[in-house]
Amino acid sequence: MVNLEEIVEKIRSYASAQWKTLNDEDSRKPAETVEKSSDVELLAEPRKALKHFDSSLAKESHYFNIYAVDSSSRVVETPYVFVAITTGSLLSRFTGKAVDCPPISFITGAVEDACRFLTIIPSFQTPVDFDDRLKKILYTENPVGVRYDHDYNKYVILEEARLLTESYLVSKSVEEGLLEDSILLVDGPLIYPSTIEVSTPYSARFMVYRSSLEAINRDRLALWGVIRERNALAIGIVKRLYKSYYLSSCDPLRLGVSDINDETYLTALSRSIAGEEGLRPYILGPLRIRTTMSNSTRIERVAWYVGIPRRLYTSKTPLTHYTHYRVEVLGDVADESVLKPVVYDSLNIGSLLPVSIILADRRAKKFSSILLQYLVFSMGLEKAGLHQYLTI
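Residues numbered from 1 in each chain as written. Predicted model: local features only at pLDDT ≥ 70, side-chain atom pairs only at ≥ 80, totals over all residues. Heavy atoms only, no water.

Colleague: Help me get a handle on the overall build of the protein chain, residues and values and all.
Modeller: From N to C terminus, the protein chain includes 10 helices and 14 strands. Look at the contacts in the protein chain between residues 6 or more apart in sequence, and 73% of them connect residues 24 or more apart. Accessible surface for the protein chain amounts to roughly 17,800 Å². Of this, 50% is attributable to carbon and sulfur atoms. (Helix = DSSP H or I, 4+ residues; strand = E, 2+ residues; numbered from the N terminus. Contact = heavy atoms within 4.5 Å. Areas by Shrake-Rupley, 256 points an atom, 1.4 Å probe, with all protein chains shown as cover.)

Here it is in structure tokens:
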């Protein structure tokens, strides 16, 4: 990995020539994207919105064309530089085919060319000047052309890098013909929320972050359309339900609650189901979610919420008895057959989550771990004190 060694030397020589670092703690404040919409509609009668799994949903169909895409980020931060490593994988556990960013051949040193997977932000006013060859593997600006500097929120940078990496993998897979007549499971929402919550106000940067995420969403929306033309379907698997507020905005089961996140809503529901009927997998939905972008473009999604018991019996524990996630597709047609490949890849083989998503996640994390260790040791940081340089 000659490119990484050259980058390390470039950073080291640049830092030694500077005399004062910039410590901008505000850019390190946690920032999270939050899913909210006032236009959420239940597409079923309230009494029919909640149903238990029918065994035929998992057993009557077989799928051998399921792919999954996921990404991983890791950070090395020293007093003079912030370095983010973002990797991703798109794979099929059925065919063994995979596309990675960066490719394995780059990690092993067989080739020097790779996709973008590094973000480097020095803690100085003047940016580091990398040559064109090294820039091929670097994220230097956001999708709308704003340079990544020491003021740019680090959490937003990581979100953008992961989304851009996943978009690259999907685009590359389309070029190689991998997604013909297939199902693509995407870890996360198909359209990413552009609402950002931070612990301190960033009025000067809010519109920058929003416009950047919306630019990514426009590209993702085009990608989902391209794979649809190839008779493939993108299905979003959203696990972090504590950051979405769709259920309480329409209250499909008339629980009489408002402004609580989806995880809390489903936890209350699951406890009620467990107490009355025992632990059984269930589906809640469908819901139509409309999102309006700043250019007045309206995007419609149809979603179902899935609850799967973690065990076969109840127990006196503060932990939830269920795993919850949302399954979503683009469009306004509530076709429950969308759930079949998801159930086939999870519940049908005894898994709480789709196994393809789990494998893509592990593969991406393995690559980011390898690159992280190589980069840290190339920078000459002590292994015994390694933890103090790893943040976020």
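On we go.
Colleague: Which residues make up the side chain of D149, and what values do they have?
Modeller: Tracing the backbone shows D149 in the loop between strand 8 (138-139) and helix 5 (154-175). Setting aside its immediate chain neighbours within four residues, D149 contacts I121 and R205.

Colleague: Let's hear about the nonpolar core: which residues, and what values?
Modeller: Judged by nonpolar contacts, the single largest core of 25 residues is most densely connected at L185, I235, I237 and V327. Elements represented by at least two residues in this core include exactly strand 4 (66-78), strand 9 (183-187), strand 11 (233-238), strand 13 (298-309), strand 14 (322-330), helix 9 (339-344) and helix 10 (355-378). When near neighbours in sequence (up to four residues on either side) are disregarded, L185 contacts I66, Y67, A68, V69, I235, I237, V342, D345, P354, S356 and I357. (Core = buried A, V, L, I, M, F, W, Y, C linked by side-chain atoms within 4.5 Å. Buried < 20%, exposed > 50% of the residue type's maximum accessible area, 1.4 Å probe, protein only.)

Colleague: Tell me about the pairing of strand 7 (residues 118-122), residues and numbers included.
Modeller: Within strand 7, 5 of the 5 residues are buried, which leaves it mostly tucked inside the rest of the structure. On strand 7, burial covers both faces: L118, I120 and P122 on one face and T119 and I121 on the other are all buried. In this sheet, strand 8 lies alongside strand 7 in parallel orientation, the contact comprising 2 bridges. Bridge pairing links L118 to L138 in strand 8. (Pairing = 2+ DSSP bridges.)

Colleague: Describe unusual backbone geometry, naming the residues involved and giving the relevant values.
Modeller: Following C101, the chain continues to P102 via a peptide bond in cis, the omega torsion being -5°. When you line up the elements, P102 lands in the loop between strand 6 (98-101) and helix 3 (104-107). Residue P286 is reached from G285 by a cis peptide bond, and omega for that bond is 5°. Phi is positive for N231, which is not a glycine, with a value near 60°. Looking at the secondary structure, you find N231 in the loop between helix 6 (206-229) and strand 11.

Colleague: Help me get a handle on the environment of G188, residues and values and all.
Modeller: Along the chain, the position of G188 falls in the loop between strand 9 and strand 10 (196-198). For the pair G188 and R326, spaced 138 residues apart in the sequence, the C-alpha separation amounts to 9.0 Å. Setting aside chain neighbours within four positions, we find G188 in contact with G236, I237 and V238.

Colleague: Tell me what's going on with the side chain of D70, and back it up with residues and numbers.
Modeller: Mapped onto the secondary structure, D70 falls in strand 4. No salt bridge is formed by the buried D70. Its closest oppositely charged neighbour is K239, at 5.0 Å. Those residues in contact with D70 that lie beyond four places of it in its chain are G88, S89, E166, L169, D187, I357, A360, D361 and A364. (Lys, Arg positive; Asp, Glu negative; His and termini not counted. Salt bridge = Lys/Arg side-chain N within 4 Å of Asp/Glu carboxyl O.)

Colleague: Residues and numbers for the environment of T291, please.
Modeller: With respect to the helices, strands and loops of the structure, T291 is situated in strand 12 (residues 282-292). Owing to a relative accessible area of 23%, T291 belongs among the partly exposed residues under this scheme. In this structure, the C-alpha to C-alpha distance between T291 and R301, residues 10 residues apart in sequence, is 8.3 Å. Each residue touching T291, except ones within four places of it in the same chain, is listed here: T297, R298, I299 and R301. Side-chain polar atoms of T291 contact the side chain of R301, separated by 3.1 Å. (Polar contact = N/O pair within 3.5 Å; in protein donor to acceptor, adjacent residues only side chain to side chain.)

Colleague: Describe the packing of helix 5 against helix 6, with residues and values.
Modeller: Running from N to C, helix 5 and helix 6 cross one another at 20°; their axes reach a closest spacing of 10 Å. If you check the angle between helix 5 and helix 6, you find them roughly parallel. Helix 5 and helix 6 meet at a crossing whose hand is left-handed. Packed against helix 5, whose contacting residues are V156, E160, L163, L164, E166, S167, V170, S171 and V174, the element helix 6 presents Y209, S212, L213, I216, R220, L223, W224, V226 and I227 at the interface. (Axes fitted to C-alpha atoms, helices over the stretch in contact; angles between N-to-C directions. Parallel < 35°, antiparallel > 145°, perpendicular 65-115°, else oblique. Left-handed = near helix turned anticlockwise from the far one by under 90°.)

Colleague: Give me the packing of aromatic side chains: which residues, what numbers.
Modeller: A full pass over the atoms with the stated rule returns 7 aromatic pairs. Geometrically, the ring pair formed by F64 and F94 is edge-to-face, given 5.9 Å between the ring centres and 90° between the ring planes. With a gap of 30 residues between them, F64 in the loop between helix 2 (56-59) and strand 4 and F94 in the loop between strand 5 (81-91) and strand 6 connect regions that are remote in the sequence. Assessed through its relative accessible area of 25%, F94 is described here as partly exposed. (Phe/Tyr/Trp six-rings, centres within 6.5 Å; stacked < 30°, edge-to-face > 60°.)

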